[in-house]
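Overview (structure and organization)
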Amino acid sequence: MAKNRISLVGVPVDVCPPQELETEVLEILAKPGTKQIIFLSIWDLLKARHKGDFAECIKSADLIIPVSKSILKAAKFLKLPVPNRYNPFEAVIQILTILDDHFKSLYLLGSTEKTLQKAEKNLKDTFKNMRILGKHAGYFSKIIEDNIIIALFKAQPSLVLLSDGIKEKNLWAYRRRNRFSSSIFLYYKDAFGIFSERVKRVSEKTFNKGHEFFVEILHNPFKIFLVLKILWFWLVVLWYKVFKKK
């Protein structure tokens, strides 16, 4: 395998260099059954330390990609192999490019109908070789959900890209994993908003500096309280450094 999986404060994280991403995605595609790629933030990492569906979802994921700079700093501090951090939007583009290069297929799930239609058009214009087998807006009822699952089972898209409007986020695919045939599931909240040009993505400069958190605070001032979670994260890391046996 191209990746190397480490355990960071008890949570799995993958070390997958960008130049190895294509090999990794193709290997995941070749595996039978439901697969999952997860973008891991420090909030997700802290949540995954507790028992429950989310922790099991992370552990069973086929590729766990860190998106928070603090994860890299913590790995270095604990003298672990340092993972490669990915900008979620850029990673989605890379994965879609891989699908396009290999004539694979895609299903779009989430957001509103208007946003989804615009996103689909822009994706078709950009990725000429990739087939979009279907789409469905988010915020759907339980009855509609059953129809979507049946459609996904029959279509067997290479990738199901999920966005806003999927309440359970990464857990949606995990909790229904036995009802699908063979697809990779990837959740990225802003995917269709950005593809439809409704949402402005974080600049590469801001992301590289690890300042995307401040952009979130500008949009929602109440997120300032997440600073407490950052402090807790580093306390956990320090505890592992001082007390946890190697």
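Predicted model, so just to flag it, every value in this text is computed and none were measured.

Moving on: the packing of aromatic side chains. Following the criterion strictly, the structure yields nine aromatic pairs and no others. Plain terms: the ring middles of Phe89 and Phe195 are 5.4 Å apart, the flat faces sit at 50° to each other, and that makes the pair tilted. Of this pair, Phe89 sits in helix H5 (residues 88-101) while Phe195 sits in helix H9 (residues 191-195), placing them 106 residues apart in sequence. When sorted by exposure, Phe89 lands in the same class as Phe195, which is buried.

Before going further, it helps to examine the pairing of strand E4 (residues 63-66). The alternating pattern of E4 places Leu63 and Ile65 and Ile64 and Pro66 on opposite faces, both of which are buried. Two elements, strand E3 (residues 33-40) and E4, share four bridges in a ladder whose sense is parallel. Following the sheet pairing, Ile38 is matched in E4 by Ile64.

All right, on to the pairing of strand E6 (residues 131-136) then. The sheet contact formed by strand E5 (residues 105-109) and E6 spans five bridges and is parallel. Its bridge partner lying in E6, Leu108 is registered against Lys135. On the question of chirality, the crossover connecting E5 to the parallel E6 by way of helix H6 (residues 113-126) is right-handed.

Take helix H7 (residues 142-155) next. Taking 1.5 Å per residue, 14 residues should reach 20 Å; H7 reaches 20 Å between its end C-alpha atoms and fits that length. All buried positions along H7 are accounted for by Glu145, Ile148, Ile149 and Leu152. All buried residues of H7 fall inside an arc of 100° around its axis, so they share one side. Pointing more than 90 degrees away from the buried face of H7 are the exposed residues Ile143 and Lys154. Where H7 is buried, its residues contact E5, E6, strand E7 (159-162), helix H8 (170-175) and strand E8 (182-187). Gln156 sits one or two positions beyond H7 and adopts a positive phi of about 50°.

The residue Tyr139 is not glycine, and still its phi comes out positive at about 60°. Mapped onto the elements, Tyr139 comes out in the loop between E6 and H7. One non-glycine residue, Lys169, lies in positive phi territory at about 55°. Here Lys169 lies in the loop between E7 and H8.

Conventions we followed
- Residues numbered from 1 in each chain as written.
- Predicted model: local features only at pLDDT ≥ 70, side-chain atom pairs only at ≥ 80, totals over all residues.
- Heavy atoms only, no water.
- Phe/Tyr/Trp six-rings, centres within 6.5 Å; stacked < 30°, edge-to-face > 60°.
- Helix = DSSP H or I, 4+ residues; strand = E, 2+ residues; numbered from the N terminus.
- Buried < 20%, exposed > 50% of the residue type's maximum accessible area, 1.4 Å probe, protein only.
- Pairing = 2+ DSSP bridges.
- Right-handed = clockwise from strand over helix to strand, strands pointing away.
- Expected span 1.5 Å × (residues − 1).
- Arc of directions from axis to C-beta.
- Contact = heavy atoms within 4.5 Å.

So, to be careful, I would describe these as geometric facts and stop short of saying anything about function.
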